[in-house]
Each structure stands twice: as C-alpha cells, then as structure tokens.
Amino acid sequence: MTAVDVAAPARTARRRRSGRANGLTATSGLGLGVSVIWFSLLVLIPLSAVLVKTSEGGWSGFWTTISNEQTAAALRLTVGQALLVTVVNVFMGTLIAWVLVRDEFFGKRALEVVIDIPFALPTIVAGLVLLSLYGANSPVGVNVANTRTSVFVAFLFVTLPFVVRTVQPVLAELDADVEEAAASLGASRFTIFRRIILPALVPAISAGAALSFARAISEYGSLVLLSGNLPLRTEVTSVRMLSYIENGDLASASAVATILLLVALVVIVALDVIQRRVSRRG
Amino acid sequence: MADVLATRPDRQPALPVGIAAPRRRRPRRRARSVLLTWLFRLIVVTYLFFLVAWPVSLVAQKTFEDGFSALDTALSDPSITFALKLTVIVALQAVLINLVFGVGISLLLVRYEFRGKRLLSALIDLPLSVSPVVVGLALVLVYGGRDGWFGPALQDAGFQVIFATPGIVMATTFVSLPLVIREVVPVLTEIGTEQEQAARSLGANAAQTFRRITLPGIKWAVVYGVVLSLARSLGEFGAAKIVSGNFEGQTQTATMAVEQKYQDFQQASAYATAFLLAAVSVACIVVVSIIRPKQERKR
C-alpha cells in the first residue's frame, strides 16, 4: 500500500493547491538543512560511494565484471523473470483491483489484508512459507525448489501489491456517468472497458508495473532458502552481489550494484514523469 | 476543510455501474455479466489463496504441529531470544528516527517552497526501489571500519558502525525511510493551510499551531506510517545481514536467525521464529486496515 502511494496517481491528481506554499523561515531552513544532511549521510553519500567504487575500476573493470559468465547469467535470469512477473502482474493486478472495486462479496476485507501481506512479511519468512507449500515436502505435490520457477514464484509473491494498489484508487474514482452513457449508446462491456476504462487506468498500471519490476530485480531475502542459489542456473543478481561482498570483492559488487541502481533511478524518473502527466491532465 | 467537503460527492467510488447498468439490458446479457463477475471473483480468490493465504497459513500450521513445543524450543534458545531482542531494539530506534525526520521532511515538502524540492521529493523514494544488498554494500563502502570513507575516522573516535548495532539501525532506517513520508504528505496536502493560518492569525505560535492544529489532522497518517515502518523494520534482512556481519549472539537479528536455524536443520525453531515475525507483520497490516476506513470516513 505505502510503496504504492509513492506513485498513486489518483492522489496526485486529487492534489489541489490548498493555500500558498511559503518560502523558508529561519526555523524551517534549519530543519531543511538538518534533514538534508541526515538524508545525505544515510542515503546519498553511501549510494554515490557505490558509483565511485565502480568508476575506480574504469570501464574495462566494469565490463569484465558484468561479462563474467556467472554474473551475466544471474543478470539475465533476474531481468527475464522480473519482466515475466511484471507482465503477469499487469493482468492479475488489474483484475484483482477490478474485483476489489467493482464487486461486493463476503470476505472482501480479508482479501484486502491478504494483498498487503507480501508487503509487510519479512522476505526471509516469505521464502520460508513458499518453500513449505512449493518445496520438497509440498502438500500439493509441487516441488519448484532450486529451479528457475522458484525465482518466478518468489518474485510473484513479493510484487503482488504494487499494480493492485496503484490501480485500485484510480478505478474507484472513475466517473460512472461516462460508462453509463457509453452503455446507453449501445457499447458492449468489452468496448466500454477498452475505450473508456482502460485508457484511464494506463498511467496507474504502468506505474505499478515499474514498481513491481524494480522490486523484483532487487529481491534477495525470499530467494535465499527457496531458489538454492545454484550458479548459472538459479542464482539471481542480489545473491551474486552478496557472494562478491562476502569474498571481499567490493569493486565487482559495486559494478553489479551500479546496474541495479541505474534501473532504480530509471524507474523513479519514469514514475515522476507519469505522475506529472496525470496531474496535469487532472 | 470546507472545500474538502464540497468536493466530496465527486469522489464517491463509481460502484453502482456494475449493479445499476445491467437492469436496463436484456436478460441474456445480465446472465453473462453475472457469470463474468463470478469468474473474476473465482480467479482472484484462487490466485490469492495459492500465492499468499495458503503459504502464509502453513507457517502457523508448521509451528503448532506439536503444540507449543516448537515455540518453547525456540524461545529457550539464547541465540534466538537475543536475536528477537536485538530486532525489537533496532526496529524501535529506526522507527523513532523515521518518525521525527519523516514528519519534518513531509512538512517541508508540503508547506514550503525551496530549490531542489522536486529532486528531494523524488530521491526520498529511492530506498523503496534499491535492493537491500545494494543498501548494505553502500553503507559498508562509507562506514566500513577498515577502508570505508568515514569508517576509519569514526572507529578512531571509538564508534564502530559496521558489524555493530549502529550499522543495523542505519540499514533498517534506510529501507523504511519513505514509509512515514509517503503516508503523511498526501494528507498534509489535502488538509490545506486555512486552519493553520487562522490559528496563526489568532496569535498561536508555530509550536502551538503544529501541536493543536496540524498534528491532529495528520495523526492517523502518522500512525499508519509508523505501523508500516515497524513491520518493515522488524523484517529487514538483506541490508542488515551485510552490515551486521551476522554474528550469532552479537549482531544477528531475528530474520538472520530464521535463515541460520533453517540451514542448520533446526526447522522447528526456524518456523517458530518465522511465525513470530509473520504474526507481528500480519497484525500490523490488520491494524492499518481497521484504522484506515474509519479515518477516511471521518475525513
């Protein structure tokens, strides 16, 4: 829910300029200074240290790390599965949001809670619970542990809330009049969905998809127990990075981290652009 | 507040469509739409059941397979009780730091204009999409005792960050940093400044205005932010594992204990610890879902 509020275009669209924002006073200026220093020490300086460490190795060092067979395999697996999961989330997330907004049935409140669980559940616990249902002693007889499918399942679990929580508020605020008008003019349900509802949801869906992609490629905790971390087969980028760190090879770890950071930055810029586009239209 | 109320009717969810519209249509179409509704419902419930509900309930089932013995074993293991205590201490510190800075930064972002505001606002979200492993690595590069940027100087001053509790607190604060801000900013934007201005014009000083007017308005948003940060902080794993060094009985938190116990084939203890963590995080979600609608009605 919260991660999603970051992007929730509905909220942004609803934002009105309620009252004039002020310039800084002495107190608030001091507050801003302290906050920025705190934020820099905690977030900005450490993250730039990653980039500096990478640049120390130069382009060739970066390239040697990335083209290492095992690292390249990890990157390919992570990005591939993350894309796949994002596609599934676009469809399932929109469908879940639709059911939560347009349908009324017993137990809907419980579903709302279920959707937020992956967001709050510690990732290592997420890995453990998935392992107990889809692992070696599975009660349903499905054993995906130590396979590529396990990476897919873990990603699917941890990214579940994103599309749902971005689409839900937008869908809830859609104007019913337009749909009724279209229906009275003889439009079929499918046409109404395709021509009226879907275009309004596209920004929210893309924001959710971006968040869920970013979350998937950075996932670590839920895979530790589930995927077995077999080099070249089920090892994801984060695990690869961790083994570099544990071997004391911080330069190589930074090179891989740089790629992840760049993806995170691209996602943030994309979200900002989407938000701005939506709020301009609102 | 007045204009919030005035725009209220527009914001009612567009619920009646699916129910009201088919009444005008031919029966065959209504039957199809009912069928579709049930189909969607079935798909969604099945999907969520297999992906989330069943797996999560299994952790409780595995924990209580032999009554309370798994919990007893886990809670009498000093390394687990230590890990749980450390987790709580770290989480409370991280939440407190994020509460103070979260509310402060939200006020700055909403109520003031300054250069670089948009940049700050975008960067605040960064921790949500950065991998925990990258967070850990980044902190080690700067605060690492041997060859970090600031680490050696801090160590000479007798302050160890990496492989010690302060490092874990930093990592935990980092990953849960945007949660309070992202809850408070929209509410702060929506309540507007009229009441604050009125209070100021009646002679209240900044502290009084904040305590009597602003804080009651954002109270529930702050509560969600804190509850969510708490859930996130208790469950932090990747970043904490790297900065803490994962030393059992010294810097090992509960999530790391789960991993280690599982890998040491002490599955009962692993499940029991995981159950405790899961119970707290589910409780947090339930609390938020109970407060949220109440608060939205009030607004």
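Residues numbered from 1 in each chain as written. Chains lettered and ligands numbered in written order. Predicted model: local features only at pLDDT ≥ 70, side-chain atom pairs only at ≥ 80, totals over all residues. Heavy atoms only, no water.

(A) Seen up close, the packing of helix H4 (residues 58-67) of chain A against helix H5 (residues 69-102) of chain A. All names here are of chain A. Contact pair H4 / H5: the axes reach a minimum separation of 5 Å and the direction vectors enclose 70°. In terms of their interaxial angle, H4 and H5 are classed as roughly perpendicular. Of the residues in H5, those in contact with Thr65, Ile66 and Ser67 of H4 are Glu69, Thr71, Ala72 and Leu75. Residue composition of the contact of H4 with H5, by class: three nonpolar, three polar and one charged. (Axes fitted to C-alpha atoms, helices over the stretch in contact; angles between N-to-C directions. Helix = DSSP H or I, 4+ residues; strand = E, 2+ residues; numbered from the N terminus. Parallel < 35°, antiparallel > 145°, perpendicular 65-115°, else oblique. Contact = heavy atoms within 4.5 Å. Nonpolar A, V, L, I, M, F, W, Y, C, P; charged D, E, K, R; others polar.)

(B) Structural view of the environment of Tyr47(B). Within the secondary structure, Tyr47(B) sits in helix H3 (residues 27-63). The exposure class of Tyr47(B) is buried, given its relative accessible area of 17%. Not counting the four nearest positions on each side in its chain, Tyr47(B) is found in contact with Val88(A), Asn89(A), Met92(A), Ile96(A), Leu156(A) and Leu160(A). (Buried < 20%, exposed > 50% of the residue type's maximum accessible area, 1.4 Å probe, protein only.)

(C) Representation of the interface of chain A and chain B in the model. The interface is formed by 108 residues belonging to chain A together with 105 residues belonging to chain B. With both sides pooled, the region where chain A packs onto chain B buries about 9600 Å², and carbon together with sulfur makes up 75% of that total. Here chain A and chain B share one salt bridge between them. Residue Asp103(A) pairs with Arg41(B) through a salt bridge whose shortest N-O separation is 2.7 Å. Joining chain A to chain B, the criterion identifies seven residue pairs in polar contact (both at pLDDT 80 or more). Top contributing element to the side of chain A that touches chain B by residue count: helix H3 (residues 26-56) of chain A, with 19 residues. Here the residues of the side of chain A that touches chain B are counted per class, giving 71 nonpolar, 18 polar and 19 charged. (Buried area = accessible area lost by both parts, 1.4 Å probe. Salt bridge = Lys/Arg side-chain N within 4 Å of Asp/Glu carboxyl O. Polar contact = N/O pair within 3.5 Å; in protein donor to acceptor, adjacent residues only side chain to side chain.)

(D) Broad picture of the nonpolar core. Membership of the largest hydrophobic core comes to 156 residues, with the highest contact counts inside it found for Leu47(A), Ile96(A), Leu121(A), Phe157(A) and Leu48(B). If you tally residues by element for this core, the top one is helix H8 (residues 148-173) of chain A, at 15 residues. Setting aside chain neighbours within four positions, we find Leu121(A) in contact with Ala126(A), Val129(A), Phe157(A), Val56(B), Ala278(B) and Ser281(B). In terms of nonpolar packing, the next biggest core, distinct from the first, is built from twelve residues, Val113(A), Leu179(B), Val288(B) and Ile291(B) among them. (Core = buried A, V, L, I, M, F, W, Y, C linked by side-chain atoms within 4.5 Å.)

(E) Helix H12 (residues 237-246) of chain A, seen in detail. Residues and elements named next belong to chain A. Within H12, eight of the ten residues are buried, leaving the element largely enclosed by the surrounding structure. Within H12, the full set of buried residues consists of Thr237, Ser238, Val239, Arg240, Met241, Leu242, Tyr244 and Ile245. At the C-terminal side of H12, Gly248 shows a positive phi close to 80°.

(F) Region of interest: the confidence of the model for chain B. All names here are of chain B. Here chain B averages 83 in pLDDT, while 88% of its residues score no lower than 70. Ranking the elements of chain B by mean pLDDT puts helix H1 (residues 2-6) last with 35 and helix H5 (residues 78-111) first with 92. Across residues 1-25, confidence stays below pLDDT 50; counting only partners more than four residues off in sequence or on other chains, it has 33 contacts. (pLDDT = per-residue confidence, 0-100.)

(G) Region of the structure containing the pattern of salt bridges. Enumeration according to the criterion identifies twelve salt bridges over all chains in this entry. Arg165(A) is paired through a salt bridge with Glu112(A); the nearest N and O atoms lie 3.0 Å apart. With Arg165(A) in helix H8 and Glu112(A) in helix H6 (residues 108-120), this residue pair connects regions lying 53 residues apart in the sequence. For Arg165(A), a relative accessible area of 9% puts it in the buried group. With a shortest N-O distance of 3.0 Å, Arg111(B) and Glu196(B) are connected by a salt bridge.

(H) Local environment of the packing of H5(B) against helix H14 (residues 254-263) of chain B. Residue and element names in this part refer to chain B. The geometry of H5 relative to H14 is characterised by a closest axis approach of 8 Å and an angle of 150° between their N-to-C directions. Comparing the axis directions of H5 and H14 gives the class roughly antiparallel. Residue-level contacts link Ser79, Ile80, Ala83, Leu84 and Thr87 of H5 to Ala254, Ala257 and Lys261 of H14.

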